[in-house]
Amino acid sequence: MTADTSFDFAAAAAQFAAFAWGPHMLFLLVGGGLFFLIYSGLAPFRYLKHAIDIVRGKYPEADAAGNISHAGALSSAMAGTVGMGNIGGVALAIVAGGPGAIFWMWISALVGMATKFFTCTLAIMYRGQDETGRVRGGPMYIITHGLGQKWKPLAVFFCLVGLVGNFPLFNTNQLVQILKEYLFLSPGDSGVAVGSGEHFYLELGMGLAIMTLVALVILGGIQRIAAVTIRVVPAMILLYVGCALYVIASHIGEVPMHLWRIVEDAFSVQSVAGGILGTMLTGVKRAAFSNEAGIGTEVMVHGNAKTSEPVKEGLVAMLGPAIDTLLVCTATALIILISGVWEQGGANGISLSSAAFAATMPGVGPYLLLICVSFFAITTIFTQAFYGSQCFAFLFGASRERWYLYLYLLAILFAATNSLTDLVNIIDGAYGLMAIPTMTAALLLAPRVRAAAKDYFRRLRAHGHQLADNEDPVARR
């Protein structure tokens, strides 16, 4: 008898994802975020109104270095976070971890706000330039400029896993799936997965359409991505939250029960995830995909903001998890819990969210979701292209950046016509590993952020009340 030496790719991919998102990630993201929360003395949270004013453009810096406005940076970052993770990802969290997973998503969002304040303040403190003189930002520059060149291998590691983790496979595949089901197939044909071969030419056509639309935006760089997302993302969030408010208002008597169930299940040893730790890990993982706090992707966008004040961008970035996870993900969770479809089994991810919309808003619900999902997925694909290209430019030079973008566009076509069950595990794992260099650098450089924050808030208290709406506190140093 000979031993079976065949390699099981599916099992290896699943083990890789499980390793990347193991208990150490709970310690790193939640523990690190909790440290930032305490270490900051909650100071950034006391300036939320000031953060909103910055986004509104009340404190411009005409001559500051950078490529996009504060509002453009926040919209672009949220284009990368408000997507399938907020809709299909919440459904996955509830199925895998029970309603209690949503509670741990909330906790992750609160500590994630502190994490984003620290990481995105560092994004401005330690941004660099490429060989063309263009401003660049991201964990790789924080590591090499903040910690020194001896840490460059950690920066290279971030970029390598970032190239894989930001590929557009999941969002493209799920977008084609939902468009195919609702726009082109009869009800009896729904549920046929992308890549099965039954609708190859239909999937190919949709893939080509998506690829063309994405190319028109991403080949114009971060300025064009920001110009598109600053218009699309706020409108889609308002539409999506409006749907949730309608469902909540229609079932207002049930809402307290479901909110209590979320809290109660978070600490249940009988949860579907196998106890409190399993529920916690599920919530943390889904929250990381939802708001990206500590992963490092958002740092690359915020590092391009036009400002000479690092703390200002940290405050702006802090708004992301509040909108993304506390608002949008909670909206999704309540729709799913109110509908009750999650307890019936047989549906998962985006299909479960679609069933919940159909149950709570008969007739029109799935099509409203289709509109939101389409725009959320497309804008996420835009921003992921920017993330991956930044990693590629750091490794191979800005002059070769377009090579990555061309490969990225071909990957969209691949994802639109192939089953990606195993590949998604590879992407999930690589995405999780990005947190290791990001959080390591942020923790080591945290004292510099706290010192900068104390200085900024002191100047703001001393001079902010004397300034007109279009002036910046730094002008009165």
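- The name recorded for the protein in an unreviewed UniProt entry is Amino-acid carrier protein AlsT, from Shewanella khirikhana.
- The record held by UniProt for the protein lists under Sequence similarities (unreviewed entry) the comment "Belongs to the alanine or glycine:cation symporter (AGCS) (TC 2.A.25) family."

### Let's talk about the overall build of the protein
Okay, so step 1: Scanning the protein from N- to C-terminus turns up 21 helices and two strands.
Okay, so step 2: By residue count, 60% of the 477 residues in the protein fall in the buried class.
Okay, so step 3: Here the analysis covers contacts within the protein between residues at least 6 apart in sequence; of these, 82% occur between residues at least 24 apart.
Okay, so step 4: As displayed, the protein offers around 18700 Å² of accessible surface, 64% of which is attributable to carbon and sulfur atoms.

### Structural notes on the side chain of His 70
Okay, so step 1: Summarising the element assignment, His 70 is placed in helix H4 (residues 70-81).
Okay, so step 2: Looking at His 70, the relative accessible area reads 7%, which means it is buried.
Okay, so step 3: Setting aside anything within four residues of it in sequence, one finds His 70 in contact with Ile 54, Glu 61, Ala 305, Lys 306, Thr 307, Lys 312, Glu 313 and Val 316.

### Describing the packing of aromatic side chains
Okay, so step 1: The full count for this structure, using the stated rule, is 18 aromatic pairs.
Okay, so step 2: A ring pair is formed by Tyr 404 and Tyr 408, whose centres lie 6.0 Å apart and whose planes are at 45°; its orientation type is tilted. Here the residue Tyr 404 and the residue Tyr 408 both occupy positions in helix H18 (residues 401-417), the gap between them amounting to four residues, near one helical turn.
Okay, so step 3: For Tyr 404, a relative accessible area of 3% puts it in the buried group.

### What to know about the pattern of salt bridges
Okay, so step 1: Counting across every chain of the model gives seven salt bridges.
Okay, so step 2: A salt bridge links Glu 309 to Arg 459; the nearest nitrogen and oxygen atoms lie 3.0 Å apart. Linking Glu 309 in the loop between helix H14 (297-302) and helix H15 (310-339) with Arg 459 in helix H21 (residues 446-463), this pair joins segments that are 150 residues apart in sequence. For the pair formed by Glu 309 and Arg 459, the shared burial category is buried.

### With respect to the environment of Leu 444
Okay, so step 1: Mapped onto the elements of the fold, Leu 444 is located in helix H20 (residues 435-444).
Okay, so step 2: On the accessibility criterion, Leu 444 (47% relative accessible area) is partly exposed.
Okay, so step 3: When sequence neighbours within four positions are dropped, the list of residues in contact with Leu 444 reads Leu 147 and Trp 151.

### Some points on the packing of helix H2 (residues 23-39) against H21
Okay, so step 1: Packing of H2 against H21 leaves a shortest axis separation of 11 Å and a crossing angle of 35°. Handedness of the crossing formed by H2 with H21: right-handed. Across the interface between the two elements, Phe 35, Phe 36 and Tyr 39 of H2 pack against Ala 446, Pro 447 and Arg 450 of H21.
Okay, so step 2: Tallied by class, the residues present in the contact of H2 with H21 amount to five nonpolar, no polar and one charged.

### Quick word on the packing of helix H6 (residues 100-125) against helix H12 (residues 255-266)
Okay, so step 1: With their axes 6 Å apart at the nearest point, H6 and H12 run at an angle of 85° to one another. One element, H6, and the other, H12, form an angle in the roughly perpendicular class. For the pair formed by H6 and H12, the contact residues are Gly 100, Ile 102, Phe 103, Trp 104 and Trp 106 on the first element and Leu 259, Ile 262, Val 263, Asp 265 and Ala 266 on the second.
Okay, so step 2: Tallied by class, the residues present in the contact of H6 with H12 amount to eight nonpolar, one polar and one charged.

### As for the confidence of the model for the protein
Okay, so step 1: Taken residue by residue, the protein gives an average pLDDT of 80. The fraction at 70 or more is 86%.
Okay, so step 2: In the model, residues 465-477 has pLDDT below 50 throughout and makes 24 contacts with residues more than four positions away in sequence or in other chains.

### Details of empty space enclosed by the protein
Okay, so step 1: If you walk through the whole model with that rule in mind, you get two cavities of 30 Å³ or more.
Okay, so step 2: Looking at the second largest cavity, its volume works out to about 50 Å³.
Okay, so step 3: Contributing to the lining of the second largest cavity are Thr 119, Leu 122, Pro 139, Ile 142, Ile 143, Val 299, Thr 438, Ala 441 and Ala 442.
Okay, so step 4: Of all the secondary structure elements, the ones that give two or more residues to the lining of the second largest cavity are H6, helix H7 (139-147) and H20.
Okay, so step 5: Here the residues of the lining of the second largest cavity are counted per class, giving seven nonpolar, two polar and no charged.

### Quick look at the side chain of Thr 172
Okay, so step 1: As for its position among the elements, Thr 172 is in helix H9 (residues 169-184).
Okay, so step 2: Separated by 2.7 Å, the side chain of Thr 172 and the backbone oxygen of Pro 168 make a polar contact.
Okay, so step 3: Apart from residues lying up to four places away in sequence, Thr 172 is in contact with Ile 381, Ile 412, Ala 415 and Ala 416.

### Let's talk about helix H8 (residues 152-165)
Okay, so step 1: With 14 residues, H8 extends 20 Å between its outermost C-alpha atoms, agreeing within 8% with the 20 Å of an ideal straight helix rising 1.5 Å per residue.
Okay, so step 2: Among the residues of H8, those classed as buried are Leu 154, Ala 155, Phe 158, Cys 159, Val 161, Gly 162, Leu 163 and Gly 165.

### Comments concerning H9
Okay, so step 1: Between its first and last C-alpha atoms H9 spans 21 Å; for 16 residues at 1.5 Å apiece the expected length is 22 Å, and the two agree.
Okay, so step 2: Burial within H9 is extensive, with twelve of its 16 residues counted as buried.
Okay, so step 3: Along H9, the residues that are buried comprise Leu 169, Asn 171, Thr 172, Asn 173, Gln 174, Leu 175, Val 176, Gln 177, Ile 178, Leu 179, Lys 180 and Glu 181.

Procedures and definitions
- Residues numbered from 1 in each chain as written.
- Predicted model: local features only at pLDDT ≥ 70, side-chain atom pairs only at ≥ 80, totals over all residues.
- Heavy atoms only, no water.
- UniProt positions renumbered as here; feature names shortened; annotations may be inferred.
- Helix = DSSP H or I, 4+ residues; strand = E, 2+ residues; numbered from the N terminus.
- Buried < 20%, exposed > 50% of the residue type's maximum accessible area, 1.4 Å probe, protein only.
- Contact = heavy atoms within 4.5 Å.
- Areas by Shrake-Rupley, 256 points an atom, 1.4 Å probe, with all protein chains shown as cover.
- Phe/Tyr/Trp six-rings, centres within 6.5 Å; stacked < 30°, edge-to-face > 60°.
- Salt bridge = Lys/Arg side-chain N within 4 Å of Asp/Glu carboxyl O.
- Axes fitted to C-alpha atoms, helices over the stretch in contact; angles between N-to-C directions.
- Left-handed = near helix turned anticlockwise from the far one by under 90°.
- Nonpolar A, V, L, I, M, F, W, Y, C, P; charged D, E, K, R; others polar.
- Parallel < 35°, antiparallel > 145°, perpendicular 65-115°, else oblique.
- pLDDT = per-residue confidence, 0-100.
- 1 Å grid on protein atoms, 1.4 Å probe; cavity = no way out; pocket = protein on both sides within 12 Å on 5 of 7 lines; lining within 4 Å.
- Points joined across faces, edges and corners; volume = space filled by probe spheres on them.
- Polar contact = N/O pair within 3.5 Å; in protein donor to acceptor, adjacent residues only side chain to side chain.
- Expected span 1.5 Å × (residues − 1).

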